[in-house]
Amino acid sequence: MELPDFMSYANRFSSADFIEKISRIAKRAGAKLVYAALILYYTLQSNKISSKDKAIIIGALGYMISPIDVIPDAIPIAGLTDDMAVLLYVLKKVWVDVDPEIKLKAKEKLGKWFDEDEIAEIDNLFE
């Protein structure tokens, strides 16, 4: 799958919209997508990441929030695959700069929506 120009979605990002969307789609999206989104969201709040990386994170999260993207979220099963591709692409770019505390915080937050078996899926995040 070719990635869309997710940076054009940067103006669609807001913290409130992110929280609302992730809460609404969590179970349907799956633990991997939610974990990737949470890591990016928490990393965005960190002062240990460059402005350039923050910009691409904002673009990716804006893409996820936007109701207008390559594959509309309303399409069962396929609707969130483009969101997942964009999130993982950006997460791979910033992964080395993600603090272990952020990964732990994101994993702990997963407990709000998922059971232990579902959370175990994140062990193979990039597969």
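For the structure, see preceding data.
For clarity, every value in this text was computed on a predicted model and none was experimentally measured.

Points about the pattern of salt bridges
Part 1 of the argument: Evaluated as defined, the whole model comprises three salt bridges.
Part 2 of the argument: Between Glu 20 and Arg 24 there is a salt bridge, and its shortest N-O distance comes to 2.9 Å. With Glu 20 and Arg 24 both in helix α1 (residues 15-29) and four residues apart, this pair spans about one turn of that helix.
Part 3 of the argument: For Arg 24, a relative accessible area of 53% puts it in the exposed group.
Part 4 of the argument: With a shortest N-O distance of 3.5 Å, Asp 99 and Lys 48 are connected by a salt bridge. Of this pair, Asp 99 sits in the loop between α4 (81-94) and α5 (100-110) while Lys 48 sits in the loop between α2 (31-44) and α3 (51-65), placing them 51 residues apart in sequence.
Part 5 of the argument: Asp 99 sits in the buried class, given a relative accessible area of 18%.

Quick notes on the nonpolar core
Part 1 of the argument: Formed by 44 residues in total, the largest nonpolar core has its most connected members in Phe 18, Leu 33, Val 34, Leu 61 and Leu 87.
Part 2 of the argument: Elements with a contribution of two residues or more to this core: α1, α2, α3, α4 and α5.
Part 3 of the argument: Ranked by residue count, the leading element in this core is α2, at twelve residues.
Part 4 of the argument: What Leu 87 contacts, discounting residues up to four positions off in sequence, is Leu 33, Ala 36, Ala 37, Leu 40, Ala 60, Leu 61 and Met 64.

Regarding the packing of aromatic side chains
Part 1 of the argument: Summed over the entire model, instances satisfying the criterion amount to three aromatic pairs.
Part 2 of the argument: Pairing Tyr 41 with Tyr 42 gives two aromatic rings, centres 5.7 Å apart and planes at 55°, and the pair type is tilted. Here the two residues Tyr 41 and Tyr 42 agree in accessibility, since each one is buried.
Part 3 of the argument: Taking the centre distance of 5.2 Å and the plane angle of 90° together, the rings of Trp 95 and Phe 126 count as edge-to-face. Highlighted residues: Trp 95 in the loop between α4 and α5 and Phe 126 in the segment after α6 (116-119), separated in sequence by 31 residues.

What counts and how
- Residues numbered from 1 in each chain as written.
- Predicted model: local features only at pLDDT ≥ 70, side-chain atom pairs only at ≥ 80, totals over all residues.
- Heavy atoms only, no water.
- Salt bridge = Lys/Arg side-chain N within 4 Å of Asp/Glu carboxyl O.
- Helix = DSSP H or I, 4+ residues; strand = E, 2+ residues; numbered from the N terminus.
- Buried < 20%, exposed > 50% of the residue type's maximum accessible area, 1.4 Å probe, protein only.
- Core = buried A, V, L, I, M, F, W, Y, C linked by side-chain atoms within 4.5 Å.
- Contact = heavy atoms within 4.5 Å.
- Phe/Tyr/Trp six-rings, centres within 6.5 Å; stacked < 30°, edge-to-face > 60°.

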